[in-house]
Amino acid sequence: MNKPKNFSDFFALSMTKFFRLIADTFFAKRYGHRAVVLETIAGVPGMVAGMLIHLRSLRSMKTGYGPQIREMLAEAENERMHLMFFIEIAKPNAFERLLVISAQAIFMTFYLFMYIFFPKTSHRMIGYFEDEAVKSYTEYLELVKNGTVMNINAPKIAIDYYGLPKNARLSDLIRSVRADEMHHSEVNHNYADSLNKSNMPNSGNIRDTKISNKRVA
Ligand SMILES: [Fe+2]
Ligand SMILES: [Fe+2]
């Protein structure tokens with residue numbers, strides 16, 4: 001757990017606890033539905049951050065932003081793929097679909113302004129969100145392991161994406177998704193830490209990296 005060190009971190013953690021409370025109240029132990037709805041939200045921050053950093057690079061006419069732009073866009077794409085996996089497992093009801101549409105409008109607007117004015121707090125908050133996602137997937141995995149949730153076959157789209165064996169199960173999928181969330185957590189906490197020191201996280205000698213060529217839907 002990345003302990004909050006200043007007001008910005010405490011704010012990020014409070015927002016995370018607030019959103020977690022809403023999710024817990026609404027979904028309780030319905031982890032399949034929880035994953036579907038929350039992954040529709042999880043795909044937003046990377047896209048917003050990637051777009052804003054891209055625009056900043058254009059305005060400033062400087063190199064050095066490339067790695068972070070690609071990392072953020074890759075995160076958004078990875079979250080969208082999580083949605084594609086879980087939509088094969090849990091079908092949202094009409095109310096949940098309505099919730100997704102409203103939540104996207106609200107969260108997209110909220111995060112856009114938050115990232116423009118407080119990028120460090122934004123990355124910290126997403127780091128904490130990802131920590132919560134790791135916890136939720138661990139709880140989901142426990143329910144699968146103890147037989148409360150049936151360990152069905154993993155969807156083909158997930159088997160192809162992660163290169164899992166053909167007989168992979170839901171538990172293997174959850175482990176793979178959880179590893180992605182751990183990576184997102186580390187990346188976002190690192191960006192928040194580096195923004196404590198500089199306004200340009202990847203300034204210096206970091207060379208542009210290639211986009212990961214994972215398969216997409
Ligand atoms: Fe995710
Ligand atoms: Fe994530």
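Residues numbered from 1 in each chain as written. Chains lettered and ligands numbered in written order. Predicted model: local features only at pLDDT ≥ 70, side-chain atom pairs only at ≥ 80, totals over all residues. Heavy atoms only, no water.

K.L.:
Please give an account of the coordination of the iron ion (ligand 2) that cites residues and values.
P.N.:
Taken together, the protein donors to the iron ion (ligand 2) comprise E79 (OE), E130 (OE), E130 (OE), E181 (OE) and H184 (ND1), at separations of 1.9 to 2.6 Å. On the primary sequence, the residues serving as donors to the iron ion (ligand 2) are separated as E-x50-E-x50-E-x2-H. Accessibility expressed as a relative area gives 1% for E181, which makes it buried. (Donors = N, O, S within 2.8 Å, 3.2 Å for Na, K, Ca; no water. Buried < 20%, exposed > 50% of the residue type's maximum accessible area, 1.4 Å probe, protein only.)

K.L.:
Just give me the short version of the coordination of the iron ion (ligand 1), but keep the residues and values in it.
P.N.:
Those donors, E39 (OE), E39 (OE), E79 (OE), H82 (ND1) and E181 (OE), are the protein atoms that reach the iron ion (ligand 1), and they lie 2.0 to 2.3 Å from it. Here the donor residues of the iron ion (ligand 1) are spaced in sequence according to E-x39-E-x2-H-x98-E. The metal-metal distance between the iron ion (ligand 1) and the iron ion (ligand 2) comes to 3.8 Å, with E79 coordinating both. Highlighted residues: E39 in helix α2 (residues 31-60) and E181 in helix α7 (residues 170-197), separated in sequence by 142 residues. Both residues of the pair, E39 and E181, count as buried. (Helix = DSSP H or I, 4+ residues; strand = E, 2+ residues; numbered from the N terminus.)

K.L.:
Got a sec to walk through the environment of A103? Specific residues and values, please.
P.N.:
Checked against the element boundaries, A103 lands in helix α4 (residues 94-117). C-alpha separation for the pair A103 and V44, spaced 59 residues apart in sequence, amounts to 11 Å. Residues in contact with A103, not counting those within four places in the same chain, are I41 and M108. (Contact = heavy atoms within 4.5 Å.)

K.L.:
Quick one: what's the story with the layout of surface pockets, residue by residue and with numbers?
P.N.:
For the largest pocket, the calculated volume is near 790 Å³. Along the walls of the largest pocket sit 31 residues, with F19, A23, L38, I41 and F129 positioned nearest its centre. Elements with a minimum of two residues in the lining of the largest pocket: α1 (7-27), α2, α4 and α5 (119-145). Take the lining of the largest pocket: its biggest share by element is nine residues, from α2. Here the residues of the lining of the largest pocket sort into 22 nonpolar, two polar and seven charged. (1 Å grid on protein atoms, 1.4 Å probe; cavity = no way out; pocket = protein on both sides within 12 Å on 5 of 7 lines; lining within 4 Å. Points joined across faces, edges and corners; volume = space filled by probe spheres on them. Nonpolar A, V, L, I, M, F, W, Y, C, P; charged D, E, K, R; others polar.)

K.L.:
Break down the nonpolar core for me, with residues and values.
P.N.:
Counting 24 residues, the largest nonpolar core has F85, F86, Y140 and L173 as the members making the most contacts within it. At the level of secondary structure, the elements contributing two or more residues to this core comprise α2, α3 (66-86), α5, α6 (156-162) and α7. For this core, the element with the highest residue contribution is α5, accounting for five residues. F85 has contacts with P155, I157, A158, Y161, Y162, L173 and V177, leaving out every residue within four places of it along the chain. (Core = buried A, V, L, I, M, F, W, Y, C linked by side-chain atoms within 4.5 Å.)

K.L.:
For a nonpolar patch on the surface, give the residues involved together with the corresponding values.
P.N.:
Judged by side-chain polarity, F113, I116, F117 and F118 come together as a nonpolar surface patch covering roughly 460 Å² of accessible area. Exposure remark for F117: the relative accessible area of 57% places this residue in the exposed category. (Patch = residues over 30% accessible without salt bridge, like charges linked within 9 Å, V, L, I, M, F, W, Y side chains within 5 Å. Areas by Shrake-Rupley, 256 points an atom, 1.4 Å probe, with all protein chains shown as cover. Salt bridge = Lys/Arg side-chain N within 4 Å of Asp/Glu carboxyl O.)

K.L.:
Please give an account of empty space enclosed by the protein that cites residues and values.
P.N.:
With the rule as written, the count across this model stands at two cavities of 30 Å³ or more. One number sums up the size of the second largest cavity: a volume of about 30 Å³. For the second largest cavity, the full set of lining residues is M1, L13, T16, Y128, D131, E132 and K135. Those elements that provide at least two residues to the lining of the second largest cavity are α1 and α5. Among the elements that take part in the lining of the second largest cavity, α5 stands out by supplying four residues, more than any other. Residues belonging to the lining of the second largest cavity are distributed by class as follows: three nonpolar, one polar and three charged.

K.L.:
Tell me what's going on with α1, and back it up with residues and numbers.
P.N.:
Under the 1.5 Å per step criterion, the end-to-end length of α1 is 30 Å for 21 residues, consistent within 8% with the ideal 30 Å. What α1 keeps buried is the set S8, D9, A12, L13, M15, T16, R20, A23 and F27. Projection of α1 onto a plane perpendicular to its axis shows the buried side chains occupying an angular sector of 160°, all on one side. Exposed side chains of α1 directed beyond 90 degrees from the buried face belong to F7, K17, L21 and T25. Buried residues belonging to α1 abut α2, α4 and α5. Where α1 terminates, the next one or two residues include A28, which has phi positive at roughly 50°. (Expected span 1.5 Å × (residues − 1). Arc of directions from axis to C-beta.)

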